[in-house]
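One letter stands for each residue in the lines below.
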Amino acid sequence: MELKDILESILFSSQKPLSTKELSDILKQAAEGDAAIAAHAKAKAAKLTAALEELAGEVERLDRSYRLVCVAGAWQFVTQTEFAPWVRALVGVKNRPTRLSKPALETLAIIAYRQPITRAQMEEIRGVSVDGVIGTLAERELVEVVGRADGPGRPQTYGTTQMFLEYFGLRGLEELPDAEELRQVPITKPEAPVTTGEDEAEETEQLSLEEVTTAKDSDAGELAEQAATAEGADEEEEEDYDEDDFEDDDDDDEEVDGDDGEALEEASQSS
């Protein structure tokens, strides 16, 4: 019994995709206690992959309604897309739009080719906000938070999920179509904040004790000199004021005496 036939029977009966490791575990489990079927129990991953590739080629050459494919590292039989309406009617799934919008596809492509990537970097490439689109992609489990960037605030970084590979029928990200132009679009990486010279506080000049004492003495001398000058100015003003007062008083006295003399002279003549 060939290995590819055994693998075909396992995958045909499985309800979910199986990886080469899971297939290897099944082979080992089946061989426990039964030496007759233990020939393939020790098959390596490379041998299993080669057998699966051979089986997939045979199924494709038969041109049947199904194919054997490897999606996200797991193998499964899938129905050809042209038979989807009948299969959908069988399982009772209602027709509903499964296509992503153009903004969602653009954002998803950016994440797929530039992951891990932050929201700010996505918006830098697209030129518009991606908040709503990210929510839609995360809700459909096509993208997820994979870590945090080294930068201010440590923003979340996003990457694609296994559901993304299943959605597009890819074995891995290496099967993405070539998009070298998208990979070369420059984006700004988060950087730690840089302190500029303008923000740095100027260093205060330190004075020695002798310099402080000299400065104080100089200030005290200047204050004393200013006080003396002010006092001298006050004295001069007072002296000027007194002399003027005395001169005014003398003039007043002389004027009064003259008037009195004239009055006495008139009185003597009348008498």
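Not measured: the values here are computed from a predicted model.

Trainee: Can you walk me through the overall build of the protein in this structure?
Mentor: Scanning the protein for helices and strands turns up 10 helices and six strands. By the burial criterion, 23% of the 271 residues in the protein qualify as buried. Expressed as a percentage of contacts within the protein between residues at least 6 apart in sequence, the contacts between residues at least 24 apart total 52%. For the protein, the exposed area adds up to about 19,900 Å²; of that, 50% sits on carbon and sulfur atoms.

Trainee: Mind showing me how you'd approach the side chain of Thr157 here?
Mentor: Mapped onto the secondary structure, Thr157 falls in strand β6 (residues 156–160). Excluding residues that lie within four positions of it along the chain, Thr157 makes contacts with Pro116, Ile117, Thr118, Glu144, Val145, Val146, Gly147, Arg148 and Ala149.

Trainee: What should I look at first to understand the sheet that holds strand β4 (residues 117–118) in this one?
Mentor: The strands that make up a sheet are held in pairs by hydrogen bonds between backbone atoms, and each pair lies either parallel or antiparallel. The three strands lie next to each other as β4-β6-β5, forming an open sheet whose pairing is antiparallel. Every other strand in the sheet has two partners, leaving β4 and β5 (143–148) as the edge strands with one partner each. Taken together, the two bridges between β4 and β6 define a ladder with antiparallel strand orientation. Within β6, the residue paired with Ile117 across the bridge is Tyr158.

Trainee: Is there a simple way to think about the pattern of salt bridges in this case?
Mentor: Pairing between side chains becomes possible if they bear opposite charge and their charged atoms approach one another. Scanning the entire structure with this criterion turns up 11 salt bridges. Between Lys16 and Glu22 there is a salt bridge, with the nearest N and O atoms lying 3.2 Å from each other. With a relative accessible area of 30%, Glu22 lands in the partly exposed category. Here Arg154 and Asp150 are joined by a salt bridge, their closest N and O atoms 3.1 Å apart. Judged by its relative accessible area of 41%, Arg154 falls in the partly exposed class.

Trainee: Sorry, what's going on with helix α5 (residues 102–114) here?
Mentor: Residues spaced three or four apart along an α-helix point in a common direction, a consequence of the helix completing one turn every 3.6 residues. Helix length check: α5 (13 residues) gives 18 Å between terminal C-alpha atoms against 18 Å at 1.5 Å per residue, within 8%. Every buried residue belonging to α5 is among Ala104, Thr107, Leu108, Ile110, Ile111, Ala112, Tyr113 and Arg114, and all of these are buried.

Trainee: Quick question: what am I supposed to make of the confidence of the model for the protein here?
Mentor: The predicted coordinates should not be examined in detail at positions where pLDDT is low. Overall, the prediction assigns the protein a mean pLDDT of 76, with 63% of residues at 70 or greater. Per-element mean pLDDT across the protein ranges from 53 in helix α10 (residues 209–270) up to 94 in β6. The model gives residues 193–205 a pLDDT under 50, and that stretch makes two contacts with residues more than four places away or in other chains. Predicted confidence for residues 241–256 stays below pLDDT 50, and this span has zero contacts to residues more than four positions away or in other chains.

Trainee: In this structure, what is going on with the packing of aromatic side chains? I would like to understand it.
Mentor: The geometry of an aromatic ring pair is captured by two quantities: the separation of the ring centres and the angle between the planes. Following the criterion strictly, the structure yields four aromatic pairs and no others. Ring centres 6.4 Å apart and planes at 75° place the aromatic pair Phe12 and Phe77 in the edge-to-face group. Taken as a pair, Phe12 in helix α1 (residues 3–13) and Phe77 in strand β3 (residues 74–79) lie far apart in primary sequence, 65 residues in all. Between Tyr167 and Phe168, the aromatic rings sit 4.9 Å apart at their centres with planes inclined by 65°, giving edge-to-face as the arrangement. Using a relative accessible area of 37% as the deciding quantity, one classes Phe168 as partly exposed. A network of ring pairs unites the aromatic residues Phe12, Tyr66 and Phe77 as a single cluster.

Analysis parameters
Residues numbered from 1 in each chain as written. Predicted model: local features only at pLDDT ≥ 70, side-chain atom pairs only at ≥ 80, totals over all residues. Heavy atoms only, no water. Helix = DSSP H or I, 4+ residues; strand = E, 2+ residues; numbered from the N terminus. Buried < 20%, exposed > 50% of the residue type's maximum accessible area, 1.4 Å probe, protein only. Contact = heavy atoms within 4.5 Å. Areas by Shrake-Rupley, 256 points an atom, 1.4 Å probe, with all protein chains shown as cover. Pairing = 2+ DSSP bridges. Salt bridge = Lys/Arg side-chain N within 4 Å of Asp/Glu carboxyl O. Expected span 1.5 Å × (residues − 1). pLDDT = per-residue confidence, 0-100. Phe/Tyr/Trp six-rings, centres within 6.5 Å; stacked < 30°, edge-to-face > 60°.

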